Amino acid sequence: MSLVRRWLAEGTAQRWLAGACVMIALTMIGGLVAVVVDVAGRFFWPRPLVEVTLTDGSKVLGEVWDREPDPASPSGTRIRLKVGNRDLSAVDFRWIRHSEIRQESVPADAWLLERQENGNFYGFPRRLEVESGSLAAADPQFRQTLQRMATEAHRLLEEERILLRRVGRQHAPVAKLMALVAGAQRRGVDTRELETRLAAAQAREDDATRPAMKRLVAVREALAQGTLVMGTAEGQEKAIPVATIVRAVPENTLRGWKKLGLYISRWWEFLAGQPRESNTEGGILPAIFGTALMVLLMTVAVVPLGVVTAVYLNEYAREGTFTNAVRLALANLAGVPSIVFGAFGLAFFVYTLGGSIDRLFFADVLPTPTFGTGGILWASLTLALLTLPVVVVATEEGLQAVPQAVRDGARALGATRWQTLRRVVLPYATPGILTGAILAVARGAGEVAPLMLTGVVKLAPSMPFDGIPPFLHLDRKFMHLGFYIYDVGFQSPNVEAGKPMVYAAVLVLLVLVVVLNLAAITLRNRLRRKLRGSAV
Amino acid sequence: MSGAGAALVTRNLVAGFENTEVLKGVTVEVPPRGVTALIGPSGCGKSTLLRCFNRMNDHLPGFFRRGEVLVEGRDAYDPSWPLEALRFQVGMVFQKPNPFPLSVRENVLFGPRLAGVSKSDILEEILVRSLTRAQLWDEVKDRLGASALEFSGGQQQRLCIARALASAPGIVLLDEPASALDPIATAKLEETIRELAQEIAVLLVTHNMQQAARVAHRTAFLYLGRLVEEGETTQLFAAPREKLTEEYVTGRFG
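(A) The arrangement of the sheet that holds strand β5 (residues 101-105) of chain A in detail. All names here are of chain A. Strand order in the open sheet formed by 5 strands is β4-β3-β2-β1-β5, and the pairing between neighbours is antiparallel. This sheet does not close on itself; its edge strands, each paired only once, are β4 (93-97) and β5. Each strand axis lies, on average, 45° off the axis of its neighbour in the sheet, ignoring direction.

(B) Region of the structure containing the interface of chain A and chain B. Of the residues lining the interface, 21 residues belong to chain A; the matching set on chain B comes to 24 residues. Residue assignment for the side of chain A that touches chain B shows that the elements contributing at least two residues are α12 (404-412), α13 (417-446) and α16 (495-532) of chain A. When residues of the side of chain A that touches chain B are assigned to their parent elements, the largest contribution, 6 residues, is made by α12(A). Taken together, the residues of the side of chain A that touches chain B break down into 11 nonpolar, 6 polar and 4 charged.

(C) Inspection of the packing of helix α11 (residues 376-400) of chain A against α13(A) at higher detail. All names here are of chain A. It is at 8 Å that the axes of α11 and α13 come closest, and there the two elements cross at 150°. When the axes of α11 and α13 are compared, the pair comes out roughly antiparallel. Between α11 and α13 the crossing geometry is right-handed. Contacts between α11 and α13 involve Leu383, Thr387, Val390, Val391, Ala394, Thr395, Glu397, Gly398 and Leu399 on the former and, on the latter, Val425, Ala429, Pro431, Gly432, Ile433, Thr435, Gly436, Ala437, Leu439, Ala440, Arg443 and Gly444. Grouping the constituent residues of the contact of α11 with α13 by class yields 12 nonpolar, 7 polar and 2 charged.

(D) Geometry of unusual backbone geometry. One non-glycine residue, A:Asn118, lies in the positive phi region at around 65°. Note that A:Asn118 resides in the loop between β6 (111-115) and β7 (121-130). Of note in the backbone geometry, B:Glu18 takes a positive phi value of approximately 50° without being a glycine. Residue B:Glu18 is classed as exposed on the basis of its C-beta count, with 9 C-beta atoms lying within 10 Å.

(E) Representation of the environment of B:Gly231 within the structure. Residue and element names in this part refer to chain B. Tracing the chain through its elements places Gly231 in strand β10 (residues 226-232). The partly exposed category is assigned to Gly231, around which 17 C-beta atoms lie within 10 Å. Separated by 10 residues in sequence, Gly231 and Arg241 place their C-alpha atoms 9.7 Å apart. Among residues more than four places away in sequence, those in contact with Gly231 are Arg218 and Leu236.

(F) Expanded view of helix α1 (residues 2-10) of chain A. Buried residues are scarce in α1(A), accounting for 0 of its 9 residues. Positive phi shows up at A:Gly11, right after α1(A), with a value of about 85°.

(G) Expanded view of the nonpolar core. In terms of nonpolar packing, the biggest core is built from 153 residues, with A:Ala505, B:Leu38, B:Val202, B:Leu203 and B:Leu204 touching the most fellow members. Tallying contributions element by element places α11(A) first for this core, with 16 residues. Excluding its chain neighbours within four sequence positions, the residues that come into contact with B:Leu203 are B:Leu8, B:Val30, B:Thr36, B:Leu38, B:Leu50, B:Ile171, B:Leu173 and B:Leu174. If you look at the next biggest cluster of nonpolar residues, it comprises 21 residues, including A:Ile79, A:Leu81, A:Leu128 and A:Val249.

(H) Region of the structure containing the sheet that holds β10(B). Residues and elements named next belong to chain B. Across the sheet, which stays open at both edges, the 6 strands sit in the order β6-β7-β8-β3-β9-β10 with mixed pairing between neighbours. Of all the strands in the sheet, just β6 (90-93) and β10 have a single pairing partner and so form its edges. With direction set aside, neighbouring strand axes in the sheet form an average angle of 20°. Sheet topology places strand β3 (residues 34-39) next to strand β9 (residues 218-223); 4 bridges connect them, and they run parallel. Each bridged residue has a counterpart across the sheet, and for Thr36 the counterpart in β9 is Arg218. Contacting β6 and β7 (171-175), helix α7 (residues 153-165) runs over the sheet at an angle of about 170° to β6.

About the thresholds
- Residues numbered from 1 in each chain as written.
- Chains lettered and ligands numbered in written order.
- Predicted model: local features only at pLDDT ≥ 70, side-chain atom pairs only at ≥ 80, totals over all residues.
- Pairing = 2+ DSSP bridges.
- Helix = DSSP H or I, 4+ residues; strand = E, 2+ residues; numbered from the N terminus.
- Axes fitted to C-alpha atoms, helices over the stretch in contact; angles between N-to-C directions.
- Contact = placed C-beta atoms within 7 Å.
- Nonpolar A, V, L, I, M, F, W, Y, C, P; charged D, E, K, R; others polar.
- Parallel < 35°, antiparallel > 145°, perpendicular 65-115°, else oblique.
- Left-handed = near helix turned anticlockwise from the far one by under 90°.
- Buried ≥ 20, exposed ≤ 12 C-beta atoms within 10 Å, placed from the backbone.
- Core = buried A, V, L, I, M, F, W, Y, C linked by C-beta atoms within 7 Å.

And the structure:
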């Protein structure tokens, strides 16, 4: 008994308990990161293409994604096979009981085609068909010819993209006039003059874009030329235009560096590419960009506002009922569910503020909204409001940590209150302010719910920052990693195929937040070292 | 001492906070050259008196004052004399070194920059002169861009003196400047103070009677908010007129 009492008095038990709590926390965080890194890391690595012969004699070709216990028979297992070929069979995945399998093989001539549309195709190359005839897969020239055609197709696709952009740019005056006409018609105003101008603009657009359109037609014709005929495991044949192939990979013959090269190129496509197939394939560049820009705009909005609020509360306002009420309100603000901020952002920023801006500055295109609809500006401001308490509290702590002796020193040298604040107190409180910014960034980068009401979209036609003046388009809708994760993971028509993309996106989001935090923490520590110096 | 020409004068100064009178009618004069020490037990009003001369008490809650405070013959509380201008004239150094988290250079030039000096050659001259007068120049001349917080406590305190000197004040107030320093740094600081006092008036608050004896030309003994005795330091320590002074300087109380 006394032993136990001594044990408790010395704090040994408490120490072990504390250690256990730390371990649990670390295990959970570590586990989360490990799962994400594991799934995301393996996703882009080439898998062998397996041809399965079933007991009924039919054959299936695909990638083995998982081997798992069969819920129907307790002792049996089943495999999850990605069979792709959605244009032929409509299902992307098949679950095959182990008992149904007669034979498994890894055919050397099986290819994986990653395509612009309809997802992956698994099969065996048969022949290339071009205008001049066809080339059998067994021909020694086959691979080179396919490579050459793919290179040519990519060049043409790039040209198509440039042509489309050029044509699109010519369309801006017409689009503007069409909006004006629509607005005038709604208001019942005479539109004859506008319509004349519209017709003239359309004529001008046609003239200006005629050469580009002509070239575009030629490019598209050229793109339609050349198809790769593939055979499936069941023996069907399918002709696939070379231009729609992103990658043709003979996965089973890849070795070493080639595998690594494919892995890296797939990651690069994911990070720097545009999304395809309602986001379940391709890249997430617009989402990464949208997230980073949104966090940046939010920080630019929240830090000055939070710092000024904290300075007023801490330096100017007389301590009393008012300051206590403000602090209480801020503390409660921090506890409000984020969806409520989203609703507020929608009602106040989007409808009230945005609507007023539209009526004042964009009235001629109404009812088409410009700022009166969700956009990156309103989303950023909503999140700024959400993270305001964090910044205020951290800044106040930073200000309270400034020694009275240093303030007195500045006053005694003849500095006014403002000069003391500006030249001594604020520099001294910078680490605290940066702490607030770091916490705000960490919080803001992870929020999704308020964004869904204030401007995030599944697929944005254009990024909020581009080469078209005024370059930063604050009224545009944007894509966001958090929303991408929710959308692809839970709203996608092809959840199973998109799942690893979700893990990869989570990994990217984690890395993005860690990088943003590390940058701010490094900056803060450097300042802190400078401020603390050696002790007095 | 005659009133004319004195650097600092108070006449019947009553001052305190809220309902407590800390100073109960103090009349004292500080000559324009030399060190004047203020001694007395804790809570006797030394610091409050010192802070009346540059009006630092004004920032404390509930401060009140009656009676005259003259700085170089002019009323320190004259509303037409801006607080900031007064403080350019009356420098102050605090108990603990309080350098700003800036470079040595920017610490020293803080006052001149506030006063609107912007020509770099003038600033450079002020920098060198202030650091030299504070006897710090040789130690920091190669590290003027380094953060002031990287230096030792004694160096920081002399930097604070240099900072106070940069506005070329006629008077420097020192509020127990050696209380946070070790004996060697204290000795160095006292030497600096003695040198300084050849040109300007120094008012030194100290609870260390040996220090007053070593440094001060004149000493004033304050007790419970009243000035008990004021005179030449040697005379005050060797042959005090008042019994209370004798008891205090011989260490019988305080």
